[in-house]
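Listed below, chain by chain, are the residues.
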Amino acid sequence: MEALKNHHQLFDLLPNEVIVNTFTFIDADTLFDCRLVCKRWKELIDEYAFQEKAARENEFMNDGRGYYSFSQINSNDIRKLDLPWYVFYVIIKYDPFNRNLVKNHCGQGGLNHWGNITNTLWSMPGDFDMFNFVDMSCIQQIPQDNRYVLSDPDFDGYTSCFVIDFQYLRTIDQQIIFKDYGLNEIVMKTLRPKISFSAWYYRDNSQHISYTLRATVHSRTNEIIGLCDNVDTGLQREFGWNKVSNSFEIQGDETSLILHHSIMDSRFSCSMTNFKMSCSVVKIPLPIKYKNVNSYMYI
C-alpha cells in the first residue's frame, strides 16, 4: 500500500514488457498522443511499441497478406528494422510503401482521379469544339486471351484499360501527393527512397504513333525538380502489349508526383489510331536496414 501511495499512476508499477504489450492494442493516433504523457511512455512507444504493434498486426492486414510496406520481409523481422518510430507510425496508419499509389490504375472506375489535357496545336475553325463531339477516351475490357498480361500482379485482378483513339496528342495524368499517404518531408528526407513508375500499353502496327510515359516530381512550391520520360516512337517496341518502367532517386524535397500518359500522331491526319493504356503503377519501396538482433528486447 505504501508503494501505491508513492505513485501517482498505477501504470508506473508495471514492467516495460506489459506496458508495451498494452500499447499494441491502441490505435495509431491514440498511441501517437500517448507519447506526450510522460518521458517513460514516450521512450517505450518510440523504441518498442510502434514496431511491436506493426509486427503483431502484419499477419492480419490486407486480407491476411500483411502490410504492403512489409511485403519483402516476414513479421518477426519487423522488430529488427532500423527505422525511426515515425516511419512505423506512418506504415501502421497509411501503409504507403510497396503498394501502387495510383488510384483507378486500370480505368476500373472510369476516368475518376485522372485529368485530361488536349493539345492546342490543332483546332477546328470558329467555335466548333471537336472535343465535345468526339469521345477520345473510353474504357474497354482487355480480351481474356491476353492472359500473360492480365496475370501480371500490377493489374490486381482488373481487366479494363484506357483507350485513346484520336489522331494526335492525347494525355491523361494523375497527381500523387505524398503527404496524403503520410509521406511528409521528414519521412522522405530520412529514408530517401526510390520512386518507381511503370505502365503497360498496347500498340498496333502504326509506325507514326509515339507514346510517352512521363513522371515529374514537384517541390512544395510546385516547382518541377525531377523529370523522367519513357518514349516509344513506334520503332523500338514490339507490336502488342509492352511494359515500360523507370525510377527516381529521392532527395527529400519532393512533395508530389504527376504521372502522364500521352500519344502523338506525327502525321496529324484524321485517321483513327489503336492505342490502349492500362495498369499505371507508382511505388515507393521501403528501404530495409536491420539493427542488432538483440537491440529490440525490452529488458
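The coordinates are above.
Here's what I pulled together on the structure shown here. As the structure is a prediction and not an experimental result, all values here were calculated from the model.

Among the structural elements, Tyr89 can be located in helix α7 (residues 85-94). Along the sequence, Tyr89 and Ala54 sit 35 residues apart, while their C-alpha atoms lie 8.5 Å from each other. With near-sequence residues (within four places) excluded, Tyr89 lies in contact with Ala28, Asp29, Phe32 and Phe50.

Moving on: the pairing of strand β5 (residues 194-203). When you tally the buried positions in β5, you get 7 out of 10 residues, the bulk of the element. Bridge analysis of β5 against strand β8 (residues 240-249) gives 10 bridges, and the strand direction is antiparallel. Directly across from Arg203, in β8, lies its bridge partner Gly240. As paired strands, β5 and strand β10 (residues 275-283) are joined by 7 bridges and run antiparallel to one another. Looking at the pairing, Tyr201 lines up with Met277 of β10.

Of note, the phi angle at Asn98 is positive, near 60°, even though the residue is not glycine. Within the element layout of this structure, Asn98 appears in the loop between α7 and β1 (115-118). Judged by its relative accessible area of 12%, Asn98 falls in the buried class.

To continue, consider the packing of helix α4 (residues 39-57) against α7. Running from amino to carboxyl end, α4 crosses α7 at an angle of 30°, the nearest separation of the two axes being 9 Å. In this view, α4 runs roughly parallel relative to α7, as classed from their interaxial angle. For the crossing formed where α4 meets α7, the hand is left-handed. For the pair formed by α4 and α7, the contact residues are Asp46, Phe50, Gln51, Lys53, Ala54 and Glu57 on the first element and Trp85, Phe88, Tyr89 and Ile92 on the second. Grouping the constituent residues of the contact of α4 with α7 by class yields 6 nonpolar, 1 polar and 3 charged.

Before going further, it helps to spend a moment on the packing of helix α2 (residues 16-23) against α4. As a packed pair, α2 and α4 sit with axes 8 Å apart at the nearest point and diverge in direction by 55°. Compared by their axis directions, α2 and α4 come out oblique. Here α2 and α4 pass one another in a crossing that is right-handed. Contacts between α2 and α4 involve Asn16, Ile19, Val20, Asn21 and Phe23 on the former and, on the latter, Arg40, Trp41, Leu44, Ile45, Tyr48, Ala49, Glu52 and Arg56. Its residues assigned to classes, the contact of α2 with α4 comprises 8 nonpolar, 2 polar and 3 charged.

What follows concerns the nonpolar core. Within the largest apolar cluster, 63 residues are counted, with the highest numbers of intra-cluster contacts made by Phe23, Phe70, Phe97, Leu183, Ile195, Tyr211 and Leu257. Per-element tally for this core: the top contributor is α4, with 8 residues. Cys106, Val149, Val163 and Trp241 belong to the second largest nonpolar core, which has 11 residues in total.

Calculation notes
Residues numbered from 1 in each chain as written. Predicted model: local features only at pLDDT ≥ 70, side-chain atom pairs only at ≥ 80, totals over all residues. Heavy atoms only, no water. Helix = DSSP H or I, 4+ residues; strand = E, 2+ residues; numbered from the N terminus. Contact = heavy atoms within 4.5 Å. Buried < 20%, exposed > 50% of the residue type's maximum accessible area, 1.4 Å probe, protein only. Pairing = 2+ DSSP bridges. Axes fitted to C-alpha atoms, helices over the stretch in contact; angles between N-to-C directions. Parallel < 35°, antiparallel > 145°, perpendicular 65-115°, else oblique. Left-handed = near helix turned anticlockwise from the far one by under 90°. Nonpolar A, V, L, I, M, F, W, Y, C, P; charged D, E, K, R; others polar. Core = buried A, V, L, I, M, F, W, Y, C linked by side-chain atoms within 4.5 Å.

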